[in-house]
Structures are given as C-alpha cells and as structure tokens.
Amino acid sequence: MKKKKKKYRTTSGKTLSMPSFVAYFIAGVGICFGVLLLVLIFKSFSSKPKFDETEVERWSKVATTFKDDGLLQEFSKTKEDEGIAIVNEEKWQKVPYDSKEAMCLAVSKSIKIKTLLVTSRDYKHLGTYHLNGKLFEAGK
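The rules behind these values
Residues numbered from 1 in each chain as written. Predicted model: local features only at pLDDT ≥ 70, side-chain atom pairs only at ≥ 80, totals over all residues. Heavy atoms only, no water. Helix = DSSP H or I, 4+ residues; strand = E, 2+ residues; numbered from the N terminus. Contact = heavy atoms within 4.5 Å. Areas by Shrake-Rupley, 256 points an atom, 1.4 Å probe, with all protein chains shown as cover. Polar contact = N/O pair within 3.5 Å; in protein donor to acceptor, adjacent residues only side chain to side chain. Expected span 1.5 Å × (residues − 1). Buried < 20%, exposed > 50% of the residue type's maximum accessible area, 1.4 Å probe, protein only. Arc of directions from axis to C-beta. Pairing = 2+ DSSP bridges. Core = buried A, V, L, I, M, F, W, Y, C linked by side-chain atoms within 4.5 Å.

Draft legend 1. Spotlight on the overall build of the chain. Across its full length, the chain carries four helices and five strands. Reading the secondary structure of the chain in the N-to-C direction produces α-α-β-β-α-α-β-β-β. Taking all contacts inside the chain whose residues are at least 6 apart in sequence as the whole, residues at least 24 apart take part in 56%. When the accessible surface of the chain is summed, it comes to about 10900 Å², and 60% of that surface belongs to carbon and sulfur atoms.

In structure tokens form, the structure reads like this:
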C-alpha cells in the first residue's frame, strides 16, 4: 500500500467576506465625502468676491439712479468689507422689498463690500444686506 501524499492548498491571504467589504467601502466613501465637504466649507469662507471694473461702473450708475430718485441720500465704505447707506426713511417704508434689495445690491457692488447697513438720516437702523444674500429689515 502506497502512502498518499498530502496536498496543501496555498492561498495568498485571508479574503474579506462580502459584508465586511461593503462596510469598508461605505466607510471609505464617507471619509472621502467628509474631506471634500470640509474643503468646500473652508474655501467658501476664504473666497473674496472679485469685482471687475466695468461691473463696478455699471453698478455705480444704478446706484446713482436710486440717488436721483431721492431714496438713497448717500453711501460710503466704513471698513474693508462693510459700508453704510443713508436713505430717506419715508420713501424707504413705501418702496417694495424687491426695490430695496436691488438698491442694496447696487450700492454693495459699486463700493465693493459684502455687508451694507441701511440707516436713516438720524442713524436709525433700517436693515442689513449681505452680498448675494438677503436684505434683513429691522423690526420684521
């Protein structure tokens, strides 16, 4: 009787079962998504609006039309990204919301700022406008 030789099967290593593979894949995709989200958040905080000189001139013309109408009395830049607009309070209350927002957008882009404070002649706060955002009126 002959002895049978034992056959050994060699493998390259232990393979993952299907549920473990799916779990690792989902975790990897989640980590990549989280890193991408953090990069986008930090990039949005660090980005500064870029203004073209022709665009600034165009918005300045729009702002002067509001000045000619008597709604906007004067505007100026107070800090690097902040400004103030002094308006006629009686006309401000009568103007529709869209026109108020358009005036704030024109002033913000003409003096290259992000935040605009709208006040009356006696410095009563009437609203705050954030560039490419929304006008928040005081008392509403």
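Past the structure itself, the notes keep going.
Draft legend 2. Structural context of the side chain of Ser108. Within the secondary structure, Ser108 is located in helix H4 (residues 97-110). A polar contact of 2.9 Å, which involves the side chain of Ser108, links it to the backbone oxygen of Cys104. Those residues in contact with Ser108 that sit more than four places away from it in its chain are Ile113, Leu116, Tyr129 and Leu131.

Draft legend 3. Fine view of helix H2 (residues 53-69). Compared with the 24 Å implied by 1.5 Å per residue over 17 residues, the 25 Å span of H2 between its first and last C-alpha is a close match. Looking at H2, one finds that the buried residues are Val56, Trp59, Ala63 and Phe66. Across the axial projection of H2, the buried residues extend over an arc of 75°, all falling on one side. Exposed residues on H2 whose side chains face more than 90 degrees from its buried face are Glu57, Arg58, Lys61, Asp68 and Asp69. Those residues of H2 that are buried are in contact with strand S1 (72-77) and H4. Following H2 by one or two positions, Gly70 has its phi on the positive side, about 95°.

Draft legend 4. Layout of the environment of Ile113. On the secondary structure map, Ile113 appears in the loop between H4 and strand S3 (115-119). For the pair formed by Ile113 and Thr78, sequence separation is 35 residues and the distance between their alpha carbons is 9.5 Å.

Draft legend 5. Quick look at unusual backbone geometry. At Lys112, a residue that is not glycine, the phi angle is positive and equals roughly 60°. Structurally, the position occupied by Lys112 is in the loop between H4 and S3. Of note in the backbone geometry, Tyr123 takes a positive phi value of approximately 60° without being a glycine. Its relative accessible area of 60% is what places Tyr123 among the exposed residues.

Draft legend 6. Summary view of the pairing of strand S4 (residues 125-130). Bridge count between S3 and S4: five bridges; the pairing is antiparallel. Across the sheet, Thr115 pairs through a bridge with His130, a residue of S4. In this antiparallel pair of consecutive strands, S3 and S4, the connection spans five residues, and Tyr123 shows a positive phi of 60°. In this sheet, strand S5 (residues 135-137) lies alongside S4 in antiparallel orientation, the contact comprising three bridges. The residue bridging Thr128 from the neighbouring strand is Phe136, located in S5.

Draft legend 7. Quick peek at the pairing of S1. Pairing of S1 with strand S2 (residues 82-87) involves five bridges; the strand directions are antiparallel. Bridge pairing in S2 links Ser76 to Ile84. Between S1 and the antiparallel strand that follows it, S2, lie four residues.

Draft legend 8. Expanded view of the nonpolar core. Grouped together as the largest cluster of nonpolar side chains are 20 residues, with contacts concentrated most on Leu72, Val87, Trp92, Met103, Cys104, Leu116 and Val118. Put simply, the parts of the chain that give this core at least two residues each are H2, S2, H4, S3 and S4. Beyond its immediate stretch of four places on either side in the chain, Trp92 contacts Leu71, Val87, Lys100, Met103, Cys104, Val118, Leu126, Leu135 and Glu137.

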